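# Survey of secondary and tertiary structure
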Amino acid sequence: MKEDLNPFKIAQQQLDNAAQIMDLDPAAHAILREPKRILIMSIPVKLSSGKTRVFTGFRVQYNDARGPAKGGIRFHPEETLDTVKALSAWMTWKCALANIPFGGGKGGIICDTKKMNERDLELLSRAYVRHLGRDMGPEVDIPAPDVYTTPQIMAWMLDEYNNIVRHNEFGAITGKPVEVWGSQGRMDSTAMGGIFVLREAAKMLKMDPKKATIAVQGFGNAGKYAYTLSKKIIGSKVVAISDSEGGVYDPDGLDLAKLEEAKEKTGSVQGYKSKNAKKVSNEELLELKVDILIPAAIENQITGENADRIKCKLLLELANGPVTPEATDILFKKGIIDLPDFLVNSGGVIGSYFEWVQNQTGDYWETDLFYAKLDKIISKSFHDTMDVQAAYAAKGKKINPRMAAYIIALDRVAKAMKAKGWY
Ligand code: GLU
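Summary of the structure given here. (Residues numbered from 1 in each chain as written. Predicted model: local features only at pLDDT ≥ 70, side-chain atom pairs only at ≥ 80, totals over all residues. Heavy atoms only, no water.)

Attention now goes to the overall build of the protein chain. Assigned secondary structure in the protein chain consists of 14 helices and 12 strands. Over its C-alpha atoms the protein chain spans a radius of gyration of 21 Å, differing by no more than 12% from the 22 Å that the globule rule assigns to 423 residues. Its C-alpha atoms put the protein chain at 55 × 55 × 50 Å along the principal axes. Out of the 423 residues in the protein chain, the part that is buried amounts to 60%. Contacts in the protein chain between residues far apart in sequence, at least 24 positions, make up 70% of those at least 6 positions apart. (Helix = DSSP H or I, 4+ residues; strand = E, 2+ residues; numbered from the N terminus. Rg over C-alpha atoms; globule rule 2.2 N^0.38 Å. Buried < 20%, exposed > 50% of the residue type's maximum accessible area, 1.4 Å probe, protein only. Contact = heavy atoms within 4.5 Å.)

Right under this line is the structure:
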């Protein structure tokens, strides 16, 4: 039977598997299978051309037992409600695993930012917030950037929200520019968190990161910073990288300045030139023989169809949902250490938490403090996950790292719901 790639079905399947392994209370399981609240919005925008277009927007508040819903907003031409639902569930597990005081949420608008001018983007961003109105806020639901949304978009959204409540509430949105009290360190915190996880995992595997080769799928916020940081911080050699057009592979290693130049001039990293560089497709990049593979783009990249051809030793899911359940099983059987998205990319929302704490207290931190705190939280998440996996192994139950991380997160959310009397 062909694998079902509906992200929400996948999220539910992962939840069901974990619930069974950990013997989760059936009532908690039933609550956690569906979002608490879904907003579907029809958003008319009078565009700069004078024409009016009606956009469809979503916001899903999946669970708020442990704190306000938290999660990014995607601007994507193929956005679907089921994708947003899945991503909001994953945000819930992400915040619980990191043990920060948030629940999970996600938003999306069906739109193609590449075909919109800046003015129209602003109009759309502001209209989305007007439609959310009081259904967001620092203690209710806190948006942030995600695929094709930026700190500038967050600043417009914040301004619109502040107009609604008629005062400044900087903690209503995170991932803002520092000029409006975004946090130092937040821009690269997703990739930085991933690099801290990489460092810990390499230690565990007795792999020398300086000698490791890396392939990164994606050249957006996460992918580009992952490239820079893995070179700068751990000294690994990045041999392949890609964007939505395709990728480039050079066994001698890639140069960032030249990659950026290629992207600028030709519109894609594929325009990169060097003696041994060759073009690869996004699919080929995933199958390269490298030590570490970092999918940092979008969901459903490694599936039952190609998982068997993956050759890395360590796989770090910096994107949300890049590996399907069928692929997870295949990779586990092959002995590839596949570390799940809601652990590896949690640096983004941990950074958002730091930003929110600073906004709520008015006490602003230096970058070093931000990174030190991020390192502590995410390294602990990694070791907690490995410990749970080892504890199950000691009981004769082999579970993959994703299930171990699920068990920690679900246990925390279930206990909060229980304490509040939800079941
Ligand atoms: N969009 C990021 C994520 O998927 C960050 C979310 C946030 O900071 O709220 O984790």
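So much for the structure itself; the text now carries on.
This next bit is on the sheet that holds strand E8 (residues 246–249). Pairing within the open sheet is mixed, and its seven strands lie in the order E9-E8-E7-E6-E10-E11-E12. For this open sheet the edge positions go to strand E9 (278–280) and strand E12 (337–339), each flanked by a neighbour on one side alone. Averaged over all neighbouring strand pairs, the angle between strand axes comes to 20°, with direction disregarded. Pairing analysis gives three bridges linking strand E11 (residues 314–316) to E12, with the strands arranged parallel. In the sheet register, Leu314 faces E12, and the bridge partner there is Ile337. Across the sheet, helix H6 (residues 189–205) lies against strand E6 (213–217), strand E10 (292–295), E11 and E12, angled at about 160° from E11, the strand it touches most. (Pairing = 2+ DSSP bridges. Axes fitted to C-alpha atoms, helices over the stretch in contact; angles between N-to-C directions.)

Moving on, we get to the site of the ligand. Residues in close proximity to the ligand total 14 residues, the closest being Lys70, Lys94, Pro145, Asp146 and Ser352. Asn320 has a polar side-chain atom sitting 3.1 Å from an oxygen atom of the ligand. For the ligand, whose free accessible area comes to 290 Å², the fraction covered by protein is 94%. Only strand E3 (69–76), helix H3 (81–98), strand E5 (141–145) and helix H12 (347–361) provide two or more residues apiece to the shell around the ligand. Along the lines of polarity and charge, the residues of the shell around the ligand split into four nonpolar, five polar and five charged. (Near = heavy atom within 4 Å. Polar contact = N/O pair within 3.5 Å; in protein donor to acceptor, adjacent residues only side chain to side chain. Areas by Shrake-Rupley, 256 points an atom, 1.4 Å probe, with all protein chains shown as cover. Nonpolar A, V, L, I, M, F, W, Y, C, P; charged D, E, K, R; others polar.)

What follows covers the nonpolar core. Counting 88 residues, the largest nonpolar core has Trp93, Ile241, Leu259, Ile292, Leu316, Leu339 and Leu410 as the members making the most contacts within it. The greatest single-element share of this core, amounting to 12 residues, is contributed by helix H14 (residues 401–419). Core analysis: the second largest hydrophobic core is formed by 27 residues, Leu39, Met41, Leu121 and Tyr128 among them. (Core = buried A, V, L, I, M, F, W, Y, C linked by side-chain atoms within 4.5 Å.)

This brings us to the packing of helix H1 (residues 7–22) against H14. The geometry of H1 relative to H14 is characterised by a closest axis approach of 9 Å and an angle of 80° between their N-to-C directions. The angle between H1 and H14 falls in the class roughly perpendicular. Contact residues: Ala11, Gln14, Leu15, Asn17, Ala18, Ala19, Ile21 and Met22 in H1; Arg402, Met403, Tyr406, Ile407, Leu410 and Asp411 in H14. Taken together, the residues that form the contact of H1 with H14 break down as 10 nonpolar, two polar and two charged. (Parallel < 35°, antiparallel > 145°, perpendicular 65-115°, else oblique.)

Considering the arrangement of structural elements, one finds Lys9 in helix H1. The sequence separation of Lys9 and Lys232 amounts to 223 residues, and the corresponding C-alpha distance is 38 Å.

The next subject is the environment of Val84. Checked against the element boundaries, Val84 lands in helix H3. Separated by 23 residues in the primary sequence, Val84 and Gln61 have C-alpha atoms spaced 9.8 Å apart. Contact partners of Val84, with chain neighbours within four places excluded, come to Phe58, Val60, Glu79, Lys106, Gly107 and Gly108.

So, about the pattern of salt bridges. In the structure shown here, the tally under the stated rule is 32 salt bridges. A salt bridge links Arg199 to Asp375, with the shortest nitrogen-to-oxygen separation between them at 2.8 Å. In this pair, Arg199 is assigned in helix H6 and Asp375 in helix H13 (residues 367–394), connecting sequence segments 176 residues apart. In this structure, Asp243 and Lys263 form a salt bridge, with 3.2 Å as the shortest nitrogen-oxygen distance. Of the two residues, Asp243 is situated in strand E7 (residues 237–243) and Lys263 in helix H8 (residues 256–266); the sequence distance between them amounts to 20 residues. For Asp243, a relative accessible area of 6% translates into the label buried. Taking the relative accessible area as the measure of exposure, Lys263 reaches 30% and is therefore partly exposed. In this structure, a network of salt bridges that share partners links the residues Arg119, Glu122, Arg126, Arg130, Asp159 and Glu160. (Salt bridge = Lys/Arg side-chain N within 4 Å of Asp/Glu carboxyl O.)

Now for the side chain of Asn282. In this fold, Asn282 is placed in helix H9 (residues 282–286). On the accessibility criterion, Asn282 (15% relative accessible area) is buried. Separated by 2.6 Å, the side chains of Asn282 and Ser242 make a polar contact. Apart from the residues lying within four places of it in its own chain, the contact partners of Asn282 are Gln217, Ser242, Asp243, Ser244 and Gly246.

Glancing now at the pairing of strand E4 (residues 104–110). Successive residues of a regular strand alternate their side chains across the two faces of the sheet. In terms of burial, E4 is a largely internal element, six of the seven residues being buried. As defined by bridge partners, strand E2 (residues 52–63) adjoins E4 across six bridges and the pair is classed as antiparallel. By the bridge assignment, Arg59 is partnered in E4 with Gly107. By the bridge criterion, four bridges tie E3 to E4 in an arrangement that is parallel. Considered in E4, the bridge of Ile73 is made with Gly107. Once you follow E3 into H3 and on to E4, the crossover reads as right-handed. (Right-handed = clockwise from strand over helix to strand, strands pointing away.)

It is worth stressing that arrangement in space is one thing and function is another; only the former is reported here.
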